[in-house]
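This is what each chain is made of:
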Amino acid sequence: MSDCIFCKIVRKEIPAKIIYEDQYCIAFHDINPAAPVHFLIIPKVHIVSLYEVDDAHQLTLGKMLGLAPKLAKQQGCENGFRTIINTGEVGGQEVFHLHIHVISSNNVLPAMIHRSQ
Ligand code: 5GP
Ligand code: ZN
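Residues numbered from 1 in each chain as written. Chains lettered and ligands numbered in written order. Predicted model: local features only at pLDDT ≥ 70, side-chain atom pairs only at ≥ 80, totals over all residues. Heavy atoms only, no water.

Engineer: I keep staring at the coordination of the zinc ion (ligand 2) and nothing clicks. Help me out?
Structural biologist: The coordination sphere of the zinc ion (ligand 2) contains the protein donors C4 (SG), C7 (SG), H46 (ND1) and H97 (ND1), at a distance range of 2.0 to 2.3 Å. Considering all four donor atoms around the zinc ion (ligand 2), the spread of angles at the metal, 105 to 116 degrees, places the coordination shape in the tetrahedral class. Each donor residue of the zinc ion (ligand 2) lies on the same chain, and together they follow the pattern C-x2-C-x38-H-x50-H. Of the two residues, C4 is situated in the segment before α1 (5–10) and H97 in the loop between β4 (82–84) and β5 (100–104); the sequence distance between them amounts to 93 residues. Residue classification places C4 among the buried residues on the basis of a relative accessible area of 7%. In this structure H97 comes out as buried when scored by relative accessible area, which is 0%. (Donors = N, O, S within 2.8 Å, 3.2 Å for Na, K, Ca; no water. Tetrahedral: all angles 85-135°; square planar, octahedral: opposite > 155°, others 65-115°. Helix = DSSP H or I, 4+ residues; strand = E, 2+ residues; numbered from the N terminus. Buried < 20%, exposed > 50% of the residue type's maximum accessible area, 1.4 Å probe, protein only.)

Written out as structure tokens, the structure is:
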């Protein structure tokens, strides 16, 4: 996808603070972090969202999920972290190239979805 911003990061056409890269995926700091630790893990291939995932993506997805704790430890997340995959309009997805957010702080993160009662 030539105009996808995350594909451009994969191709090094725009800068990003990359913390990890292999043949399957790349991880980099979020440009607008929601917490002291906030990085994204993305597949190198353009997958629009979790909706578009199929069996052929299993290896890549496994690599991405397995990387989350390894990179979180490297980033100093001693007491845990949160992973988020926003999917589609309802999920609040803004960049339509699949990504896992890894977010952490020294304090307990606020609840993502507040109960109405
Ligand atoms: P989404 O809402 O799609 O799950 O999250 C997209 C994330 O990508 C946001 O947290 C946003 O700050 C981040 N982002 C958008 N554009 C860029 C960019 O050009 N570089 C980096 N590093 N992060 C980006
Ligand atoms: Zn893309």
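This is not the end of the story, as more comes after the structure.
Engineer: Could you clarify how one ought to interpret the site of ligand 1 in this entry?
Structural biologist: For ligand 1, the set of nearby residues contains 16 residues, the closest of which are D30, E94, V95, H99 and H101. Contact between ligand 1 and H29: a nitrogen atom at 2.9 Å from a main-chain N or O atom of the residue. At 2.9 Å, a side-chain N or O of N86 approaches an oxygen atom of ligand 1. Within the complex, the protein chains bury 86% of what would otherwise be the 530 Å² of accessible surface of ligand 1. At the level of elements, α1 and β2 (25–29) are the ones that each hand at least two residues to the shell around ligand 1. When its residues are assigned to classes, the shell around ligand 1 shows seven nonpolar, seven polar and two charged. (Near = heavy atom within 4 Å. Polar contact = N/O pair within 3.5 Å; in protein donor to acceptor, adjacent residues only side chain to side chain. Areas by Shrake-Rupley, 256 points an atom, 1.4 Å probe, with all protein chains shown as cover. Nonpolar A, V, L, I, M, F, W, Y, C, P; charged D, E, K, R; others polar.)

Engineer: Would you explain the environment of M1 in this entry?
Structural biologist: Turning to its location among the elements, M1 is positioned in the segment before α1. Along the sequence, M1 and H97 sit 96 residues apart, while their C-alpha atoms lie 9.5 Å from each other. Not counting the four nearest positions on each side in its chain, M1 is found in contact with C7, R11 and H46. (Contact = heavy atoms within 4.5 Å.)

Engineer: Whenever I open this one, the pairing of β2 confuses me. Can you help?
Structural biologist: Consecutive side chains of a regular strand alternate in pointing toward one face of the sheet and then the other. The buried fraction of β2 amounts to four of the five residues, a majority that puts the element mostly inside the structure. Both strand β1 (residues 18–21) and β2 contribute to a ladder of three bridges, which runs antiparallel. Directly across from I18, in β2, lies its bridge partner F28. From the end of β1 to the start of β2, which pair antiparallel, there are three residues. As judged from the five bridges shared by β2 and strand β3 (residues 37–43), these two strands associate in the antiparallel manner. Residue pairing for β3: A27 is matched across the bridge by I41. (Pairing = 2+ DSSP bridges.)

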